Amino acid sequence: GTDAIIVCGTTGESSTLTHEEHLDTIKYCVDKVAKRIPVVAGTGSNCTDTAVYLSQEAEKYGVDGILLVSPYYNKATQKGLYRHFKTVADSVKVPAILYNVPSRTTLEILPDTLRRLIPSGRFIALKEASANLSLVLEKLDAIDGRLTLYSGNDDLTYPLLAMGAQGVISVVSNVLPGEMAALCQAYFDGDAQDSLRRQIRLMSFIRALFREVSPIPCKCAMEMMGQCSGELRLPLIPAAEETRMALKKCLTELGYLKN
């Protein structure tokens, strides 16, 4: 039920991949998906030149778009953010999705910056991972229907759908894609109560997925489901036993693991 795949996003551990591994992963995903649904490559960086390079290479492999996270650590000004995003997006022909995640980057893409970026026509969406819903409303006013809004927080999927989001770029979907697809589809089908029920049903699992820094618990849950080996690279380390138990309990209650 997934409508698109993000490859080498932040949950995809792009921060510990070499450039060669990053691009190999993008190519593998594009080849496997074979145009059945769109593939969007995470090509953001805190170095504009690096983001340009990754974006241009990903475009050669046939991706349908790029996801650009705000530069991290540098603490760019809003003018710097504007120039960074515009430079990267202008370096390719595929459309770009902006990714606002202040908990990771210490930066907020502010409404006025969105207003400056939109007229270029290079950006099609905003992945919004802020819990500041009043500021999200200000951004919706700035967007004014010219960008698609996607939730970047699993726990706020339903609230953002109610505010006009068209879906979620999800951590949960790495483990239980059908659950998140059903939550969104119920809302789009006009059954807001079922969508809300599904959101509430997933809340314990969502909390477990963020007991430790993502994607440590996500990788652990995927290992439990037989989806991967659970390998992590330093500085990420395996999930604590308490986290493993919480994930196992949630997946069992949801009906995906047996006692």
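Above this text is the structure in question.
Residues numbered from 1 in each chain as written. Predicted model: local features only at pLDDT ≥ 70, side-chain atom pairs only at ≥ 80, totals over all residues. Heavy atoms only, no water.

Chemist: Just give me the short version of the side chain of Lys127, but keep the residues and values in it.
Modeler: One can find Lys127 in strand S5 (residues 123–128). Summary of buried charges: Lys127 has no salt-bridge partner, and the nearest side chain of opposite charge, Asp154, is 8.1 Å away. (Helix = DSSP H or I, 4+ residues; strand = E, 2+ residues; numbered from the N terminus. Buried < 20%, exposed > 50% of the residue type's maximum accessible area, 1.4 Å probe, protein only. Lys, Arg positive; Asp, Glu negative; His and termini not counted. Salt bridge = Lys/Arg side-chain N within 4 Å of Asp/Glu carboxyl O.)

Chemist: Can you tell me about the sheet that holds S5, naming the residues and giving the values?
Modeler: Ordered by their spatial adjacency, 6 strands build an open sheet running S1-S2-S3-S4-S5-S6, and the pairing between neighbours is parallel. Of all the strands in the sheet, the pair left with one neighbour each is strand S1 (5–7) and strand S6 (148–151). Ignoring strand direction, the axes of neighbouring strands in this sheet form an average angle of 25°. The pairing of strand S3 (residues 65–69) with strand S4 (residues 96–100) spans 4 bridges and is parallel. Within S4, the residue paired with Leu67 across the bridge is Ile97. In this fold helix H6 (residues 133–143) packs onto S4, S5 and S6, with an angle of close to 175° to the strand it touches most, S5. (Pairing = 2+ DSSP bridges. Axes fitted to C-alpha atoms, helices over the stretch in contact; angles between N-to-C directions. Contact = heavy atoms within 4.5 Å.)

Chemist: Quick one: what's the story with the pattern of salt bridges, residue by residue and with numbers?
Modeler: Tallying each qualifying case throughout the model produces 15 salt bridges. One salt bridge connects Glu57 with Lys60, and the closest N-O pair in it is separated by 2.9 Å. One end of the pair, Glu57, and the other, Lys60, are both in helix H2 (residues 48–60), 3 residues apart, so they sit about a helical turn from each other. Taking relative accessible area as the criterion, Glu57 reaches 18% and is therefore assigned buried. Between Arg115 and Asp112 there is a salt bridge whose closest N-O contact spans 2.8 Å. Here the residue Arg115 and the residue Asp112 both occupy positions in helix H5 (residues 111–117), the gap between them amounting to 3 residues, near one helical turn. Each of Glu108, Glu128 and Lys139 takes part in salt bridges that share partners, so that together they form one network.

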